Amino acid sequence: MSSQSATSSVIRSAVLGAAGYSGAELCVLLARNPHFALCHAYASAGRQPESFSSLYPRHKGQLDLLVQPWTDAEIENIRGKVDVAFLALPHEASEEVAPKLMAAGIVVVDLSGAFRLKDPDLYPKYYGYAHQHPELINEAVYSLMEWLDQPLPQLISVPGCYVTAASLALLPLVKAGLLTDDNIPVISATSGVSGAGRKAALSTSFCEVGLNAYGFFKHRHRPEIEQNLGRKVVFTPHLGNFKRGILATSVVTLKAGVTVEQVKAAFEQAYHGKPLVRLLTTSPNVADVAGTPYCDIFWQIDGEQVVVVSALDNLLKGAAAQAMQAANVKFGKPETAGLLGGGVCHE
Ligand SMILES: NC(=O)C1=CN([C@@H]2O[C@H](COP(=O)(O)OP(=O)(O)OC[C@H]3O[C@@H](n4cnc5c(N)ncnc54)[C@H](OP(=O)(O)O)[C@@H]3O)[C@@H](O)[C@H]2O)C=CC1
Ligand SMILES: CC(=O)N[C@@H](CCC(=O)OP(=O)(O)O)C(=O)O
């Protein structure tokens, strides 16, 4: 989707959860984006104020702003001074703070799962809590950006990381009507450890991580992928011993008679003019997308079986870069500002 509501002024922004992995990536993208100014960065209420570069020393001398503890009292401090708040928070924290920021007239771009599922009844089963603001689920627009087909409102819900990899891989075939009606895509995806966030946990500690599957049939990204594709899926996430990146392998069955040319055309038409999706002729590697805003996609076909492999950086195209892409579009800026070409407009 192209720009919405073009504005010429710099967009004043705040990041909540800036001490965490995806919030930190957002701070870096915002600081690099000439159309946005990073005005406030927050961590949890329990943390002492600390410079961003002390939390992430590689940014010393480049991004030294203070990360402040967040309390709701901050809303009055930023009212009228911030145009957009990015929430890189636990799901329930996002659900609680989003309506308060919206009441202060601030656009909310939420990286959590708080507003992704359109059926609030799915939250207890897949998120472990009952949704307190089902009315906001209806207000939120889900920002899988390459497939966005409506204007972005005040509340933007950024897709999950595994979900982005699987949905970008399979939507071209689904939307072109090439899959058998009863086909259940089988998606296996491996994530780097940063997918679990910065907080310490035994299961993600250095000596514990090898390669294992988890979340069989009950991972919260399963209903989100199903919502995007409009069909049931089998989704199995894996944790791998690398820092960042997701590799997703999706297996589907084509309708009888569908040709290689039709499959090729479906992918090419879907991603023509979409600068953050790269169609490859060799199998993608997480090493080639780590640190980039791209999703790389490759497919192979044998008769009626298609294997689609997709790779992205869970913290970028799977989180912060997709949030930046959405905010650029929301505020009428070039979609890839801050992401490609140092924010230069490619139009
Ligand atoms: N990691 C990933 O690959 C992806 C993550 N996401 C989503 O983004 C969100 C953040 O994930 P991630 O960056 O991994 O998480 P982290 O655990 O790395 O960071 C979470 C941040 O939220 C802050 N925080 C926690 N609770 C509160 C609260 N009640 N009020 C204010 N701040 C709070 C933490 O503060 P403090 O540091 O002080 O504890 C920290 O800065 C999650 O919803 C996650 O599902 C989405 C896509 C990919
Ligand atoms: C490796 C790992 O633990 N990954 C996380 C998913 C990443 C994430 O934070 O989920 P969202 O994209 O929904 O925000 C998990 O499986 O819960």
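Computed from a predicted model, the values in this text were never measured in an experiment. (Residues numbered from 1 in each chain as written. Chains lettered and ligands numbered in written order. Predicted model: local features only at pLDDT ≥ 70, side-chain atom pairs only at ≥ 80, totals over all residues. Heavy atoms only, no water.)

Caption draft 1: A look at the overall build of the protein chain. If you tally the helices and strands in the protein chain, you get eleven helices and 15 strands. For the protein chain, the C-alpha radius of gyration of 20 Å lies close to 20 Å, the compact-globule estimate for 347 residues. For the C-alpha atoms alone, the extent of the protein chain along its principal axes is close to 60 × 50 × 40 Å. For the protein chain, buried positions account for 54% of its 347 residues. For the protein chain, restricting intrachain contacts to residue pairs at least 6 apart in sequence, the fraction spanning at least 24 positions comes to 69%. Carbon and sulfur atoms make up 54% of the accessible area of the protein chain, which amounts to about 14900 Å² in all. (Helix = DSSP H or I, 4+ residues; strand = E, 2+ residues; numbered from the N terminus. Rg over C-alpha atoms; globule rule 2.2 N^0.38 Å. Buried < 20%, exposed > 50% of the residue type's maximum accessible area, 1.4 Å probe, protein only. Contact = heavy atoms within 4.5 Å. Areas by Shrake-Rupley, 256 points an atom, 1.4 Å probe, with all protein chains shown as cover.)

Caption draft 2: Just the UniProt feature "domain: Semialdehyde dehydrogenase NAD-binding" (unreviewed entry) in the protein chain, in detail. Feature annotation in UniProt assigns "domain: Semialdehyde dehydrogenase NAD-binding" (unreviewed entry) to the following positions: residues 12-155. Summarising residues 12-155: 32% helix, 21% strand, and an end-to-end C-alpha distance of 16 Å. (UniProt positions renumbered as here; feature names shortened; annotations may be inferred.)

Caption draft 3: Here's a closer look at the site of ligand 2. Residues in close proximity to ligand 2 total 14 residues, the closest being Arg116, Tyr214, His219, Arg220 and His221. For ligand 2, an oxygen atom lies 2.6 Å from a polar atom in the side chain of arginine 116. Within the contact set of ligand 2, an oxygen atom lies 2.4 Å away from a side-chain nitrogen or oxygen of histidine 221. Relative to its free-state accessible area of 430 Å², ligand 2 is covered by the protein chains to the extent of 81%. The class makeup of the residues in the shell around ligand 2 is six nonpolar, six polar and two charged. (Near = heavy atom within 4 Å. Polar contact = N/O pair within 3.5 Å; in protein donor to acceptor, adjacent residues only side chain to side chain. Nonpolar A, V, L, I, M, F, W, Y, C, P; charged D, E, K, R; others polar.)

Caption draft 4: Broad picture of the UniProt feature "active site" (unreviewed entry) in the protein chain. Feature annotation in UniProt places "active site" (unreviewed entry) on Cys161, given in this structure's numbering. Residues within four places of cysteine 161 in sequence aside, it is in contact with His221, Ile246, Leu312, Asn314 and Gly318.

Caption draft 5: Examining the side chain of threonine 236 more closely. Within the secondary structure, threonine 236 is located in strand 11 (residues 234-240). When residues no more than four places from it in sequence are discounted, the contact partners of threonine 236 are Ile187, Ser188, Ala189, Ala213, Tyr214 and Phe216.

Caption draft 6: Broad picture of the sheet that holds strand 4 (residues 66-69). On the basis of which strands lie adjacent, the open sheet formed by eight strands has the order 3-4-2-1-5-6-8-7 and mixed pairing. Unpaired on one side and paired on the other, strand 3 (50-51) and strand 7 (141-142) mark the two borders of the sheet. Across six bridges, strand 1 (residues 11-16) lies against strand 2 (residues 36-43) in parallel orientation. Paired with alanine 14 across the strands is histidine 40, a residue of strand 2. On top of the sheet, helix 1 (residues 21-32) reaches strand 1, strand 2 and strand 5 (84-87); it is set at about 160 degrees to strand 1, its chief contact. Against the sheet, helix 11 (residues 316-330) makes contact with strand 2, strand 5, strand 6 (107-110) and strand 8 (155-157), and its axis sits at roughly 135 degrees relative to strand 2, the strand it touches most. (Pairing = 2+ DSSP bridges. Axes fitted to C-alpha atoms, helices over the stretch in contact; angles between N-to-C directions.)

Caption draft 7: Up close: the packing of aromatic side chains. Tallied over the entire structure, the rule returns nine aromatic pairs. Arranged with centres 6.1 Å apart and planes meeting at 85 degrees, the rings of phenylalanine 36 and phenylalanine 331 form a pair that is edge-to-face. Of this pair, phenylalanine 36 sits in strand 2 while phenylalanine 331 is found in the segment after helix 11, placing the two residues 295 residues apart along the sequence. Judged by relative accessible area, which is 11%, phenylalanine 331 ranks as buried. An angle of 10 degrees between the planes, with centres 5.9 Å apart, marks the rings of phenylalanine 267 and tryptophan 299 as stacked. Taken as a pair, phenylalanine 267 in helix 9 (residues 260-271) and tryptophan 299 in strand 14 (residues 295-302) lie far apart in primary sequence, 32 residues in all. In terms of burial, phenylalanine 267 and tryptophan 299 fall into one category: buried. One aromatic cluster is present, built from ring pairs that chain together Tyr123, Tyr127 and Tyr129. Above the face of the tyrosine 56 ring, arginine 198 is positioned so that its terminal group lies 4.0 Å from the ring centre. (Phe/Tyr/Trp six-rings, centres within 6.5 Å; stacked < 30°, edge-to-face > 60°. Lys NZ or Arg CZ within 6 Å of the ring centre and 35° of its normal.)

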